[in-house]
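Listed below are the residues making up each chain.
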Amino acid sequence: MIALLSGIVILGGVIAFLITSVALVRRSERRLGPGPEESGSPVAPGQTGAAQISTFLDRMTAELRLPAADVAEVRAELADHLGDSIASLEAEGFETERAILEALGRLGPPAELGRQLRAAHQSTRRLLVGAGGGVFAAGGGFVLGYLGGIALALLGFVAVSAAVAILAAVGLHLPGIFGNDNGATVNSLLYATSIAMAAAIATRYAVRTSAGLSRHAPGTVAVFWAVAGALVFGWLAIFGMRGPQSWPSVGLELCIPVVAVAAAFVRIERPMPHVGRWAVVVSAISLVVLVLGTIVVNAGVSSTSGSAPLASLIVCSEPDQGTSCGQPDLHFDAVAPMAPARWLPEGTFTGGGSGSDPASGGTRVDDTIGGQGLSYWSDVRFEAWHALPMDASSPGGIDTRYSAPFAVQAAALSGNDLAAVFHFERLRDATWWCVVITAVGPDGHRYRLGDGQGGNSYFNGSAWDWLTAPQ
Amino acid sequence: MSGRIRTQLLKGTTTLLVLTVLRDGELYGYEIAQRIIQRSSGAFAPSEGSLYPALHALEADGALQASWRESNRGPRRRYYKITKTGLGMLEEHANEWAAFSLGMSQAVGGANQQ
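Just so you know, these numbers come straight off a predicted model, no measurement behind them.

Cut-offs and rules
Residues numbered from 1 in each chain as written. Chains lettered and ligands numbered in written order. Predicted model: local features only at pLDDT ≥ 70, side-chain atom pairs only at ≥ 80, totals over all residues. Heavy atoms only, no water. Helix = DSSP H or I, 4+ residues; strand = E, 2+ residues; numbered from the N terminus. Buried < 20%, exposed > 50% of the residue type's maximum accessible area, 1.4 Å probe, protein only. Contact = heavy atoms within 4.5 Å. Areas by Shrake-Rupley, 256 points an atom, 1.4 Å probe, with all protein chains shown as cover. Buried area = accessible area lost by both parts, 1.4 Å probe. Salt bridge = Lys/Arg side-chain N within 4 Å of Asp/Glu carboxyl O. Polar contact = N/O pair within 3.5 Å; in protein donor to acceptor, adjacent residues only side chain to side chain. Nonpolar A, V, L, I, M, F, W, Y, C, P; charged D, E, K, R; others polar. Expected span 1.5 Å × (residues − 1). Arc of directions from axis to C-beta. Phe/Tyr/Trp six-rings, centres within 6.5 Å; stacked < 30°, edge-to-face > 60°. Lys NZ or Arg CZ within 6 Å of the ring centre and 35° of its normal. Pairing = 2+ DSSP bridges. Axes fitted to C-alpha atoms, helices over the stretch in contact; angles between N-to-C directions.

> Is there a simple way to explain the overall build of chain B in this structure?
When you go through chain B residue by residue, the secondary structure sums to five helices and three strands. Burial status across chain B gives 37% buried among its 114 residues. Taking all contacts inside chain B whose residues are at least 6 apart in sequence as the whole, residues at least 24 apart take part in 46%. Summing over all exposed atoms, chain B offers an accessible surface of approximately 6,500 Å²; the carbon and sulfur share of this is 52%.

In structure tokens:
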């Protein structure tokens, strides 16, 4: 009951926050609109002095650097003033041209007037309000953009899947670019797309809101928000977004700060298209689908392998002197020849396996030794080899295209337990792997002490982890 | 009074003059300048170049409220109206000015007597 009430309160708070931030953006955006037209044009175009008035107003306007509505208001107001002033001077007997010069002269240098008007509009109080409003609007924009991004990404995924299915139906099979990663690449692409959309909307909301509230031209405040967006979203994209990674997802994540910067500048003076009712409905449905899908997937994972990065752990065989669980030849001899039975009597190994290492998040492999132990052997180690995918059409086994293990760990003996931890989740190409225990025998040659155990995993970390991962 | 001295004396008084004439009702920029001249019998003629920055600064501070309206004699104008904040500011400026002018009169009067 308390959880339900908490959920309702949190949901209500989020909805109120979103409504407030959208209202704030819309209110601020009024200052970015076209503003009033110059109704009181003192001299008709083409008439004597019209060019001087226009030049005066242009020079004054160039110094304003205010939002468009403010610029239009100031310009219209001063044009009105000049009209009154010229009419009054003409009534006093001035010729039109002299009246214009006198009226312009009374206003002083146009650039100085523009600077003074700018200073009058851009007070410190308005600047602080603009900065605070920008941060608030950015928060709301991020949440809205994220929800919209989920909808966009899911629609894109459905469209691509439909296109692939149609092409397959007409006999055109596309290569599987995502590999056997249990959908990790697709998920990370969807996630990166959502964050990119969120970054774009957040930055754009921030620029337009802070410009309207602080009375600065959007192009001026855009520089600040572009830098802030690049730093915040750059950090998030490179270090903060942790999860399954691949080259496509890392590429998209690196685009996120670029998207934020572009959103701060591109067509920033133009009003944002306000999402319609259907966009909100589609976003809400997408969110519900995402939440339900996440619940279902998590329920499935928790019933099988928990939260370990290993997608599906497969034990190929117990060390049984080369029988390989009755499987066909899995090419373990490519690793090293099997140890002679006289140096490895039956009962040396009593069991083993692999799983997630809770301390480091890596993959822990171990073997339990009994009997005489490993008194004949030295330099006992676990070797991780690339393996073939294991599915209905292939039994898996060592990938014989490789002539060396891609990772090696010394076997640490603790009691009767030989163990090592591999960080496959930090290796880009460790999708399918097989770990084999080897050691140097009395004759100085390295032998395989058993067949091995395998599984598949995917890279799990940040974009920075991916970029700096060992080859 | 020479123009240069008058300009110096007017510096800093624009706010007080603007708020004073707007206490009597809404006016637009050109009217405000004319009203100041009328009320001071031509003694004060605020620089038009400093009038508008002063009006906009007062609006930013919440002392004035501006709105576009049709004027009695032609096109739309931007009318200014004094707010509650502006009335408070006017009282404060008027008191300061009274104290200043009293002190200045005494000082100048004293100098003349000597």
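> Sorry, what's going on with the interface of chain B and chain A here?
The figure often quoted for interface size is the accessible area lost as the parts come together. In this complex, chain B contributes 18 residues to the contact, which on the side of chain A involves 24 residues. Of the roughly 1,900 Å² buried where chain B meets chain A, counting both sides, 52% is carbon and sulfur surface. Run the count over chain B and chain A and you get four salt bridges. Note that R78 of chain B and E77 of chain A form a salt bridge whose closest N and O atoms lie 3.9 Å from each other. At the junction of chain B and chain A, the tally comes to ten residue pairs in polar contact (both at pLDDT 80 or more). Looking at the side of chain B that touches chain A, the elements with two or more residues in it are α4 (48-60) and β3 (74-82) of chain B. The leading source of residues in the side of chain B that touches chain A is α4 of chain B, at eight residues. Taken together, the residues of the side of chain B that touches chain A break down into nine nonpolar, three polar and six charged.

> Explanation requested: helix α2 (residues 50-62) of chain A in the structure shown.
A turn of α-helix holds 3.6 residues, and therefore any two residues three or four places apart point the same way. All names here are of chain A. Compared with the 18 Å implied by 1.5 Å per residue over 13 residues, the 18 Å span of α2 between its first and last C-alpha is a close match. Those residues of α2 that sit buried are A50, I53, F56, L57, M60 and T61. Viewed along the axis of α2, the buried residues span an arc of 130°, placing them on a single side of the element. The outward face of α2, more than 90 degrees from its buried face, is lined by the exposed residues A51, R59 and A62. Structurally, α2 contributes buried residues whose contacts are with α3 (68-91), α4 (96-107) and α5 (110-121).

> I would appreciate a short explanation of the packing of aromatic side chains in the present structure.
Aromatic ring pairs: the centre-centre distance and the angle between the two ring planes describe each pair. Evaluation of the coordinates by the stated rule reveals 14 aromatic pairs over all chains. Measuring from ring centre to ring centre gives 5.9 Å for F142 of chain A and F233 of chain A, while their planes differ by 10°; the resulting arrangement is stacked. Remark: F233 of chain A occurs in helix α8 (residues 218-240) and F142 of chain A occurs in helix α6 (residues 124-169); sequence separation between them is 91 residues. Residues W97 of chain B and F100 of chain B carry aromatic rings whose centres are separated by 5.5 Å and whose planes lie at 40° to one another, so their mutual orientation is tilted. Linking W97 of chain B with F100 of chain B, this pair stays in helix α5 (residues 84-113), spanning three residues, or about one helical turn. Overall, the relative accessible area of 36% leaves W97 of chain B in the partly exposed class. Classification of F100 of chain B as partly exposed rests on a relative accessible area of 46%. An aromatic cluster of at least three residues, connected via ring pairs, comprises F406, F422, F424 and W433 of chain A. The ring of W343 of chain A has R342 of chain A lying over it, and the distance from NZ or CZ to the ring centre is 4.7 Å.

> It is not clear to me how the environment of L32 of chain A should be interpreted in this structure. Could you clarify?
Residues and elements named next belong to chain A. The residue L32 is located in the loop between α1 (2-29) and α2 in this model. Using a relative accessible area of 6% as the deciding quantity, one classes L32 as buried. Sequence separation of L32 and R270 is 238 residues, and the distance between their C-alpha atoms is 8.2 Å. Discounting residues that sit within four places of it in the chain, L32 has contacts with P67, A68, A69, R208, A211, G212, P218 and E269.

> Before we go on, may I ask you to explain the environment of V440 of chain A in this structure?
Residue and element names in this part refer to chain A. Considering the arrangement of structural elements, one finds V440 in strand β9 (residues 432-440). On the basis of relative accessibility, which here comes to 17%, the residue V440 falls in the buried class. Taking the C-alpha atoms as reference points, V440 and T368, 72 residues apart in sequence, are found 19 Å from one another. Apart from residues no more than four positions distant in its own chain, V440 is found in contact with Y376, W377, S378, D379, H445 and R446.

> Sorry, what's going on with the sheet that holds strand β4 (residues 363-369) of chain A here?
Backbone hydrogen bonds hold the strands of a sheet together, and the pairing may be parallel or antiparallel. Residues and elements named next belong to chain A. One open sheet holds the four strands; their spatial order is β3-β4-β8-β7, and the pairing between them is antiparallel. Edge positions in the open sheet fall to β3 (349-356) and β7 (412-414), since each of these has one partner strand only. When the angles between neighbouring strand axes are averaged without regard to direction, this sheet yields 25°. Two elements, β3 and β4, share seven bridges in a ladder whose sense is antiparallel. By the bridge assignment, S354 is partnered in β4 with V365.

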